Amino acid sequence: GAVVSQHPSRVICKSGTSVKIECRSLDFQATTMFWYRQFPKKSLMLMATSNEGSKATYEQGVEKDKFLINHASLTLSTLTVTSAHPEDSSFYICSASAGFSGNTIYFGEGSWLTVV
Amino acid sequence: GNSVTQMEGPVTLSEEAFLTINCTYTATGYPSLFWYVQYPGEGLQLLLKATKADDKGSNKGFEATYRKETTSFHLEKGSVQVSDSAVYFCALSGNRDDKIIFGKGTRLHILP
């Protein structure tokens, strides 16, 4: 079964509103979680690295004020897309690691966001 | 910085054909290498991995060998099935963190 769960799997929101996506590690404590975005027919782009109890580290070109990441516990990280626009429509996927190099990374099922 | 380059698709093959999807990488140190698969409408799944040079990862009939001398990790399968139709991503993670860098993906279509 899944060891990393994302919710919701699909969400439609109106332009200008905010939407939150949750990523939970089910069987282990994830000191580090990663958020990716996949554009249609493109690769996955790493957006940010989320460390429990500290601020997320964003990749170059990713707006930290638009994509708010919170990692308040060892089993939960959230991505909030604020003031969503149609161009934010995408597939967002998280991954989780127990925190040491070489450890297996588990991916969530992903969340499809459509902004109308 | 680290990067992954894989052959562009789509790749279209007939069932039972031999498959090769090329992947090369650029990295400092000794990265771990992965192949992930994304079936239509689903999330990413780890297909196989190799963590050191000359290691061979294998799963579901797919194989890939970590070649440090050629910085490659080509994916192969001797006889593909229609159910193998998916997007395949080559990826690496550095030896200092678990950040995964993905290639652009190769879409595979298998015709019956």
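Everything below is about the structure shown above.
All figures in this text were calculated on a predicted structure; none of them were measured in a lab.

Describing the sheet that holds strand S7 (residues 56–59) of chain B
All names here are of chain B. Spatially, four strands are ordered S3-S9-S8-S7 in an open sheet, and the strand pairing comes out antiparallel. The two strands at the open ends of the sheet, each matched to only one other strand, are strand S3 (19–21) and S7. Strand-to-strand twist in this sheet, taken as the mean axis angle between neighbours without regard to direction, amounts to 15°. In this structure, S3 lies alongside strand S9 (residues 75–77), joined through three bridges in antiparallel fashion. The residue of S9 that forms the bridge with Leu 19 is Lys 77.

As for unusual backbone geometry
Residue Pro 8 of chain A is bonded to the preceding His 7 of chain A through a cis peptide linkage, with omega at 0°. Here Pro 8 of chain A is to be found in the loop between strand S1 (4–7) and strand S2 (10–13). Here the bond from Gly 9 of chain B into Pro 10 of chain B is cis, since omega is 0°, no more than 30 degrees from zero. The phi angle at Lys 60 of chain B is positive, at roughly 55°, despite the residue not being glycine. You can see Lys 60 of chain B is positioned in the loop between S7 and strand S8 (62–65). Phi is positive for Thr 71 of chain B, which is not a glycine, with a value near 45°. Looking at the element boundaries, Thr 71 of chain B is found in the loop between S8 and S9.

Rules of the game
- Residues numbered from 1 in each chain as written.
- Chains lettered and ligands numbered in written order.
- Predicted model: local features only at pLDDT ≥ 70, side-chain atom pairs only at ≥ 80, totals over all residues.
- Heavy atoms only, no water.
- Pairing = 2+ DSSP bridges.
- Helix = DSSP H or I, 4+ residues; strand = E, 2+ residues; numbered from the N terminus.
- Axes fitted to C-alpha atoms, helices over the stretch in contact; angles between N-to-C directions.

Nothing here speaks to function; it is geometry throughout.
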